[in-house]
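Listed below are the residues making up each chain.
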Amino acid sequence: METRQQIRSQIRKIRRNLTALQQTQAERLVTRQALHFIEQHQAEHIALYLSFDGEISTQSLINALWQQGKSVYLPVLHPFSQGHLLFLAYMPTTQMQVNAFGILEPQLDIRAVWPSEQLDIIFTPLVAFDQQKNRLGMGGGFYDRTLENWQQKHFIPVGLAHACQQVDMLPVESWDIPLFDILIG
Ligand SMILES: Nc1ncnc2c1ncn2[C@@H]1O[C@H](COP(=O)(O)OP(=O)(O)OP(=O)(O)O)[C@@H](O)[C@H]1O
Ligand SMILES: [Mg+2]
């Protein structure tokens, strides 16, 4: 079986090579499914992420949610609890900065911090997934820590992915947390 690092680099390369048309179509598909999922679950407080490295763009979903008056949150690297995420409110006026991974995140503002227990849905990025809804991320363990024991919490974790990110069977480690669902664009 391929190692986790091999799967990461293979899938990331395939994902970066998707055409602009494939990206646009995937964004449209996944936005529609996500809006449907949000409506079904009557979710109001929704964590998303800003896409990079060929991930399906979340921008039209975020815009639609803002229009619907939903609250959108983005992950921010925790300033002192290493390996952990904070979720901050994200609005069109939110001041952004580039984090250590080169990803845009809201500037840390205590007033904007929202406890993850009060989120309704956490949409997660992922590099690869399988039919059992196992998730392989970028390798930081950030979402594994956030999603620990999610069945006992209020939020539902849902991945967003291109079809080309699916693999037959992911090698799973004891700390990996499977998702509730994965929406495929
Ligand atoms: N709940 C946890 N508590 C402590 N360490 C953890 C936990 N979850 C993951 N880790 C550590 O994080 C490291 C990376 O984990 P993993 O390879 O599963 O990342 P990933 O799921 O790909 O990343 P991410 O969730 O950030 O997208 C591992 O070395 C693992 O020991
Ligand atoms: Mg993991």
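Residues numbered from 1 in each chain as written. Chains lettered and ligands numbered in written order. Predicted model: local features only at pLDDT ≥ 70, side-chain atom pairs only at ≥ 80, totals over all residues. Heavy atoms only, no water.

Just so we agree on the cut-off: UniProt positions are given in the numbering used here, feature names are shortened, and annotations may be inferred rather than shown by experiment.
As recorded in an unreviewed UniProt entry, the protein goes by 5-formyltetrahydrofolate cyclo-ligase and comes from Conservatibacter flavescens. UniProt's Cofactor (unreviewed entry) comment on the protein is quoted here verbatim: "Mg(2+)".

**A closer look at the nonpolar core**
Note the following rule: Think of a nonpolar core as a cluster: buried Ala, Val, Leu, Ile, Met, Phe, Trp, Tyr and Cys residues, connected wherever their side-chain atoms sit within 4.5 Å. Note on classification: 1.4 Å probe, protein chains only; a residue is buried when its accessible area is under 20% of the maximum for its type, exposed when over 50%, partly exposed between these limits. Starting at the N terminus, helices and strands are each numbered in turn, a helix being any DSSP run of H or I of at least four residues and a strand any DSSP run of E of at least two. The contact criterion used is simple: two residues touch if any of their non-hydrogen atoms lie within 4.5 Å.
Counting residues in each nonpolar core, the largest one holds 40 residues, and the members touching the most others are I38, L48, I122, F123 and L147. Among the elements that make up this core, the one with the highest residue count is helix 2 (residues 20-40) (5 residues). Contact partners of I122, with chain neighbours within four places excluded, come to A47, F87, Y143, T146, L147, F155, I156, P157 and V158. V127, A128, L136 and V167 belong to the second-largest nonpolar core, a separate cluster that totals 7 residues.

**Some points on the coordination of the magnesium ion (ligand 2)**
The cut-off we apply is this: Metal donors: N, O and S atoms at distances within 2.8 Å, or within 3.2 Å for Na, K and Ca, with water omitted from the atom set so that some sites may seem incomplete.
Only D144 (OD) and D176 (OD) from the protein coordinate the magnesium ion (ligand 2), and they sit 2.0 to 2.1 Å from it. Linking D144 in helix 4 (residues 142-147) with D176 in the loop between strand 9 (156-161) and strand 10 (181-184), this pair joins segments that are 32 residues apart in sequence.

**So, the pairing of strand 9**
Selection criterion: Strand pairing follows a simple DSSP-based rule, namely that at least 2 bridges must link the two strands.
Burial within strand 9 is extensive, with 6 of its 6 residues counted as buried. Burial along strand 9 is two-sided: the residues I156, V158 and L160 and P157, G159 and A161 are all buried. The pairing of strand 6 (residues 121-124) with strand 9 spans 4 bridges and is classified as parallel. Note on strand 9: the bridge partner recorded for T124 is G159. Summarising the sheet, strand 9 and strand 10 pair through 4 bridges and their orientation is parallel. Bridge pairing in strand 10 places L160 opposite L183.

**Structural notes on unusual backbone geometry**
At D53, a residue that is not glycine, the phi angle is positive and equals roughly 55°. In this structure, N149 is a non-glycine residue whose phi angle is positive, near 55°. Mapping N149 onto the fold places it in the loop between helix 4 and strand 9.

**Section: the site of ligand 1**
Heads up, the condition is: We call a residue near a molecule or strand whenever a single non-hydrogen atom of that residue lies within 4 Å of it. Calculation of accessible area relied on Shrake-Rupley with a 1.4 Å probe; when residues are assessed, cover is drawn exclusively from the protein chains displayed. The nonpolar class holds Ala, Val, Leu, Ile, Met, Phe, Trp, Tyr, Cys and Pro. Asp, Glu, Lys and Arg form the charged class, and all remaining residues, Gly among them, are polar.
Taken together, 15 residues form the shell around ligand 1, and within it R4, R8, R135, F142 and W175 come nearest. Considering ligand 1 on its own, with 650 Å² of exposed area, one finds that the protein chains cover 75% of that surface. Within the residue set of the shell around ligand 1, elements represented by two or more residues are helix 1 (4-16) and helix 4. Ranked by the residues each element gives to the shell around ligand 1, the list is headed by helix 4, at 4 residues. Looking at side-chain class alone, the shell around ligand 1 contains 4 nonpolar, 4 polar and 7 charged residues.

**What about helix 3 (residues 59-67)?**
The test is simple: Here the arc refers to the set of directions running from the helix axis out to each C-beta atom.
Turning to helix 3, its buried residues are L61, I62, A64 and L65. Taken end-on, helix 3 shows its buried residues confined to a sector of 165°, consistent with a single buried face. Considering only its buried residues, helix 3 is in contact with helix 2, strand 1 (45-47) and strand 2 (71-77). Of the residues flanking the end of helix 3, it is G69, one or two places downstream, whose phi is positive at about 80°.

**Considering the sheet that holds strand 1**
Basically, it comes down to this: Here an angle of 0 to 180 degrees is reported between the N-to-C directions of two axes, which are lines fitted to C-alpha atoms, with helices fitted over the stretch in contact.
Read from one edge of the open sheet, 6 strands run 3-2-1-6-9-10, paired in mixed fashion. At either margin of the open sheet sits one strand with a lone partner, and together these are strand 3 (85-89) and strand 10. Strand after strand, the sheet turns through a mean of 30° between neighbouring axes, direction not considered. Contacts from helix 2 reach strand 1, strand 6, strand 9 and strand 10 within the one sheet, and its direction differs from that of strand 10 by about 145°.

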